[in-house]
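# Coordinate analysis (summary)
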Amino acid sequence: MASLLQSFLDPKKNWLAAMHMKSLSKRLRKYGLRYDDLYDPYYDLDVKEALNRLPKEVVDARHARLKRAIDLSMKHEYLPDNLQAMQTPFRGYLQEMLALVKREKAEREALGGLPLYQRSIP
């Protein structure tokens, strides 16, 4: 069953997934974003921890892309076509660190240790 689901979601095997990926790529290019920029550190604490572990240059570049996208959205504009062509929306920078954080969290829970972080209401 899992392999069927994987083949359904794989853009190389399913034309519907390929169309979705192309559409998403086009929308991300308009604002100069990458797919990993869409992860919200306030929603998932694992994302916040992964961002804290990344180099400062990578996080600063992420913030610059997000600020530019917000600015373009507020102005109801898109990036110029020559800049859209240079964008790489599916070049990831967060996935490996996020996977590492999730593995460490699962290992900590399996060993019965205290959580690395807990959500608290201010």
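Definitions and cut-offs
- Residues numbered from 1 in each chain as written.
- Predicted model: local features only at pLDDT ≥ 70, side-chain atom pairs only at ≥ 80, totals over all residues.
- Heavy atoms only, no water.
- Helix = DSSP H or I, 4+ residues; strand = E, 2+ residues; numbered from the N terminus.
- Expected span 1.5 Å × (residues − 1).
- Buried < 20%, exposed > 50% of the residue type's maximum accessible area, 1.4 Å probe, protein only.
- Arc of directions from axis to C-beta.
- Contact = heavy atoms within 4.5 Å.
- Patch = residues over 30% accessible without salt bridge, like charges linked within 9 Å, V, L, I, M, F, W, Y side chains within 5 Å.
- Areas by Shrake-Rupley, 256 points an atom, 1.4 Å probe, with all protein chains shown as cover.
- Salt bridge = Lys/Arg side-chain N within 4 Å of Asp/Glu carboxyl O.
- Axes fitted to C-alpha atoms, helices over the stretch in contact; angles between N-to-C directions.
- Parallel < 35°, antiparallel > 145°, perpendicular 65-115°, else oblique.
- Left-handed = near helix turned anticlockwise from the far one by under 90°.
- Lys, Arg positive; Asp, Glu negative; His and termini not counted.
- Polar contact = N/O pair within 3.5 Å; in protein donor to acceptor, adjacent residues only side chain to side chain.
- pLDDT = per-residue confidence, 0-100.

### Notes on helix H4 (residues 56-74)
The end-to-end C-alpha distance of H4 is 27 Å, a good match for the 27 Å that 19 residues give at a rise of 1.5 Å each. For H4, every residue scored as buried is listed here: Val59, Arg62, Arg65, Ala69 and Leu72. The buried residues of H4 occupy an angular sector of 155 degrees when the element is viewed end-on, so they sit on one face. Exposed side chains of H4 directed beyond 90 degrees from the buried face belong to Lys56, Glu57, Lys67, Ile70 and Met74. On its buried face, H4 is in contact with helix H2 (15-31) and helix H3 (45-53). Looking one or two residues past H4, histidine 76 carries a phi angle of roughly 55 degrees, positive in sign.

### Comments concerning a nonpolar patch on the surface
Together, Met21, Tyr35, Leu38 and Phe90 make up an exposed nonpolar region whose accessible area comes to about 350 Å². Inspection of the secondary structure assignment puts methionine 21 in helix H2.

### Brief notes about the packing of H3 against helix H6 (residues 95-110)
Packing of H3 against H6 leaves a shortest axis separation of 9 Å and a crossing angle of 120 degrees. Classified by the angle their axes make, H3 and H6 are oblique. Pair H3 / H6 crosses with right-handed handedness. For the pair H3 and H6, contact is made by Asp46, Val47, Glu49, Ala50 and Arg53 and by Met97, Leu98, Leu100, Val101, Lys102, Glu104 and Lys105, respectively.

### Regarding the side chain of aspartate 36
The residue aspartate 36 is located in the loop between H2 and H3 in this model. Buried charge aspartate 36 goes without a salt bridge, the closest partner of opposite sign being arginine 34 at 7.2 Å. For aspartate 36, the side chain forms a polar contact with the main-chain nitrogen of tyrosine 93, separated by 2.8 Å. Leaving out residues up to four positions away in the same chain, aspartate 36 has contacts with Arg62, Gly92, Tyr93, Leu94 and Gln95.

### Remarks on H3
Taken together, the buried positions of H3 are Asp46, Val47, Glu49, Ala50 and Leu51. N-capping of H3 is provided by aspartate 44, with a side-chain oxygen placed 3.1 Å from the backbone N of aspartate 46.

### Side note on the confidence of the model for the chain
One rule of thumb: low pLDDT means the predicted coordinates there are not for detailed reading. Averaged over all residues, the pLDDT of the chain equals 88, while 88% of them reach at least 70. Element-level pLDDT for the chain is lowest in helix H1 (residues 2-9), with a mean of 67, against a maximum mean of 97 in H4.

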